[in-house]
Each structure stands twice: as structure tokens, then as C-alpha cells.
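# Examining the three-dimensional arrangement
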Amino acid sequence: MTPELWMKSGEAIQFFGGIFMIVTYIPQIMMLLKTKSAENQSKSFWILLIISLSTFTYNAVLLYIFKGVLSVLVTQALNLILALIILALLIKYSKKGRK
């Protein structure tokens, strides 16, 4: 197998793995929207995850700029956006519960 083929197969695996990762956020978002409650949710977990995803997204930007690998950038950016949405909902609904 040539290095180019290995790289393409790695991009495909990254893309499909990223899509599955993105799908995992949907039940959490739906639950938060349905219950409008942030009870038993850890904001510190989501903050740390967002910091981690930010570093991965930065790396993905560099991969895109220097290697032209778009699949990593798309999946990492979507991961980051969805984690930010969840954190925003947690903040919104935790403030509601304190009123």
C-alpha cells in the first residue's frame, strides 16, 4: 500500500469516526432542551473538553493549511461547536434553576 493510499484511508476513518462522535452529542442536546435542567451535569467537564477540542481544532486548521486535509478540520470544528452549544445550554438552565 502506498503512503498516499494510507493517508486517504486515514482521512476516511477520521471522517467517519468524527461523524459518529458528532452524533453522540445529539441525545445530550435533546435531553437538555426537553428537560430544561442542568442538574447532575458537570460544567467543568465541558469546559475541559472544549479546551481539548480547541487544541485539536487548531491542529486540524494547520493540517488543512499545510496538507490540505479537510476532513479532520470539519469533524473537529463540529465537535467544538456542539460542545459549546451544550455548555451554553448548561449555563442557561443552571441559572434558571437558581432563580
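All residue numbers refer to positions counted from 1 along the written sequence of the respective chain. Reporting in this predicted model follows two pLDDT cut-offs: at least 70 for local features of residues, and 80 or more for side-chain atom pairs to be given and counted; totals over whole chains, interfaces and linings ignore these cut-offs and use all residues. Side-chain metrics rest on all non-hydrogen atoms present in the structure, leaving aside hydrogens and water.

## Notes on helix H1 (residues 3-35)
Selection rule: Numbering of helices and strands runs from the N terminus, with a helix taken as a DSSP run of H or I at least four residues long and a strand as a DSSP run of E at least two residues long. Take the number of residues in a helix, subtract one, and multiply by 1.5 Å to get its expected span. Residue burial is assigned from relative accessible area. The probe radius is 1.4 Å, only protein chains are included, and a residue is buried under 20% of its type maximum, exposed over 50%, and partly exposed in between.
For H1, which comprises 33 residues, the first-to-last C-alpha distance of 49 Å matches the rise-based estimate of 48 Å (1.5 Å per residue) to within 8%. Along H1, the positions that sit buried rather than exposed are Glu11, Gly18, Ile22, Tyr25, Gln28, Ile29 and Leu32. One or two residues past the end of H1 sits Lys36, with phi positive at roughly 50 degrees.

## With respect to the side chain of Thr57
The line we're drawing: We call two residues in contact whenever any of their non-hydrogen atoms come within 4.5 Å of each other.
Here Thr57 is to be found in helix H2 (residues 43-67). We classify Thr57 as buried; its relative accessible area is 10%. Filtering out sequence-adjacent residues up to four positions away, Thr57 remains in contact with Leu73, Gln76, Ala77 and Leu80.

## What to know about the nonpolar core
Operational definition: By nonpolar core is meant a set of buried Ala, Val, Leu, Ile, Met, Phe, Trp, Tyr and Cys residues that side-chain atoms within 4.5 Å join together.
Within the largest apolar cluster, 16 residues are counted, with the highest numbers of intra-cluster contacts made by Tyr25, Ile29, Leu32, Trp46, Ala83, Ile86 and Leu90. No other element matches the eight residues that helix H3 (residues 70-98) contributes to this core. If we ignore the near neighbours within four places in the chain, the residues touching Leu32 are Ser37, Ala38, Ile86, Leu89, Leu90 and Tyr93.

## Details of the packing of aromatic side chains
Put simply, the rule reads: Each aromatic pair joins two rings of Phe, Tyr and Trp (for Trp, the six-membered one) with centres within 6.5 Å, and gets the label stacked for planes under 30 degrees apart, edge-to-face for over 60, and tilted for any other angle.
As enumerated under the stated definition, the model contains three aromatic pairs in all. Note on Tyr25 and Trp46: the rings are 6.1 Å apart at their centroids and 50 degrees apart in plane angle, and the pair reads as tilted. Remark: Trp46 occurs in helix H2 and Tyr25 occurs in helix H1; sequence separation between them is 21 residues. The pair formed by Tyr25 and Trp46 is uniform in burial state, with each residue classed as buried.

## So, the environment of Phe66
Checked against the element boundaries, Phe66 lands in helix H2. Along the primary structure Phe66 and Glu11 are separated by 55 residues, whereas in three dimensions their C-alpha atoms are 15 Å apart.

## Considering the environment of Met21
Relative to the helices and strands, Met21 is located in helix H1. For Met21, a relative accessible area of 37% puts it in the partly exposed group. In sequence terms Met21 and Ala83 are 62 residues apart; their C-alpha atoms lie 11 Å from each other.

## As for a nonpolar patch on the surface
Rules: A patch is a set of surface residues, each over 30% in relative accessible area and not in a salt bridge, joined within 9 Å for like charges and within 5 Å for the nonpolar side chains Val, Leu, Ile, Met, Phe, Trp and Tyr. To be clear on the numbers: accessible area is Shrake-Rupley with a 1.4 Å probe, and residue cover counts the displayed protein chains and nothing else. For salt bridges, the criterion is a side-chain nitrogen of Lys or Arg within 4 Å of an Asp or Glu carboxyl oxygen.
Residues Val61, Tyr64, Ile65, Phe66, Leu70, Val74, Leu78, Ile81 and Ile85 make up a contiguous nonpolar surface patch of about 810 Å² in total accessible area. When residues of the nonpolar patch are traced back to their parent elements, those giving at least two are H2 and H3. Broken down by element, the nonpolar patch gets its largest block of residues, five residues, from H3. A relative accessible area of 67% places Phe66 in the exposed class.

Coordinates in, geometry out; function isn't part of it.
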